[in-house]
Amino acid sequence: MMTITTPALLFPAISLLLLAYTNRFLVLAQLIRQLNNREGNQVRDLAKRQIENLRQRIVLIRSMQRWGVISFILCTLSMFTLFMQWDLAGQWFFGASLASLVLSLTVSLYEIQISCNAINIELESLEAADRQ
C-alpha cells in the first residue's frame, strides 16, 4: 500500500530539477544575447551553426520544463488522491508522474548531447583561429 509520503519524496527532487532547467535556460539566453552583440548584422557561418544549435536547445529546454512541471502536478494530484484515500487513483497519478519525470530526464540527456556539440563548434572556431 502506498502512503502519501511516497510521492512527497519526489517534491524536492522535481523542484531542484526545475531549478536546474531554469538555470540552463538563463545561461542559454545569455549566450544568445552575447552572440547577438558579438555578431551584429554580419553573421559568420560558424555563428549560423551556433544559432541553429541554440534554437534547438531552447526548444528542448522548454520540453524538459514542460514534462517536469507535468510531473510535479501529477505528483501533487497523487498526494491529494492518496490523502482522500483513493488509493488506486493515487497510484496511477504517481506512476504517470514518474513517467513524466523520465521523459523530462530523457529530453535533458538529449539536450546535454547537443550542448556538447555546441562546445565542439566553439573548439572548431578556436582551431581555425589558431591556424590563421
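Higher on the page you've got the structure.
For every chain, the first residue of the written sequence is number 1, and numbering continues from 1 along that sequence. Owing to the predicted nature of the model, reporting of local features is limited to residues with pLDDT of at least 70; listing and counting of side-chain atom pairs is limited to 80 or more, with chain, interface and lining totals taken over all residues. Remark: hydrogens and water are excluded; side-chain values derive from all non-hydrogen atoms of the structure.

Trainee: I would appreciate a short explanation of the side chain of S97 in the present structure.
Mentor: With respect to the helices and strands, S97 occurs in helix α4 (residues 87-131). Each residue is placed in one exposure class: buried if its accessible area under a 1.4 Å probe, protein chains only, is under 20% of its type's maximum, exposed if it is over 50%, and partly exposed if it falls in between. On the basis of relative accessible area, S97 is assigned to the buried category, the value being 0%. Here a residue-residue contact requires only that any non-hydrogen atoms of the pair lie within 4.5 Å. Setting aside its immediate chain neighbours within four residues, S97 contacts L10, I14, S71, L74 and C75. The secondary structure listing takes helices from DSSP runs of H or I that are at least 4 residues long and strands from runs of E that are at least 2 residues long, numbered from the N terminus.

Trainee: Sorry if this is basic, but what is going on with helix α3 (residues 45-83) here?
Mentor: What sets the pattern is the α-helix's 3.6 residues per turn: residues three or four places apart point alike. Given the number of residues in a helix, its expected span is that number minus one, multiplied by 1.5 Å. Compared with the 57 Å implied by 1.5 Å per residue over 39 residues, the 57 Å span of α3 between its first and last C-alpha is a close match. Just beyond α3, the residue with positive phi is Q85, at close to 65°.

Trainee: I keep staring at the pattern of salt bridges and nothing clicks. Help me out?
Mentor: Any two side chains of opposite charge can pair, given that their charged atoms come close. Each salt bridge in this description consists of a side-chain nitrogen of Lys or Arg and a carboxyl oxygen of Asp or Glu lying within 4 Å of one another. A full pass over the atoms with the stated rule returns 2 salt bridges. The shortest N-O distance in the salt bridge between E111 and R24 comes to 2.7 Å. Placement of the pair is E111 in helix α4 and R24 in helix α2 (residues 10-39), with a sequence separation of 87 residues. Looking at E111, the relative accessible area reads 0%, which means it is buried. Classification of R24 as partly exposed rests on a relative accessible area of 29%.

Purely spatial values, then, with no claim about function.
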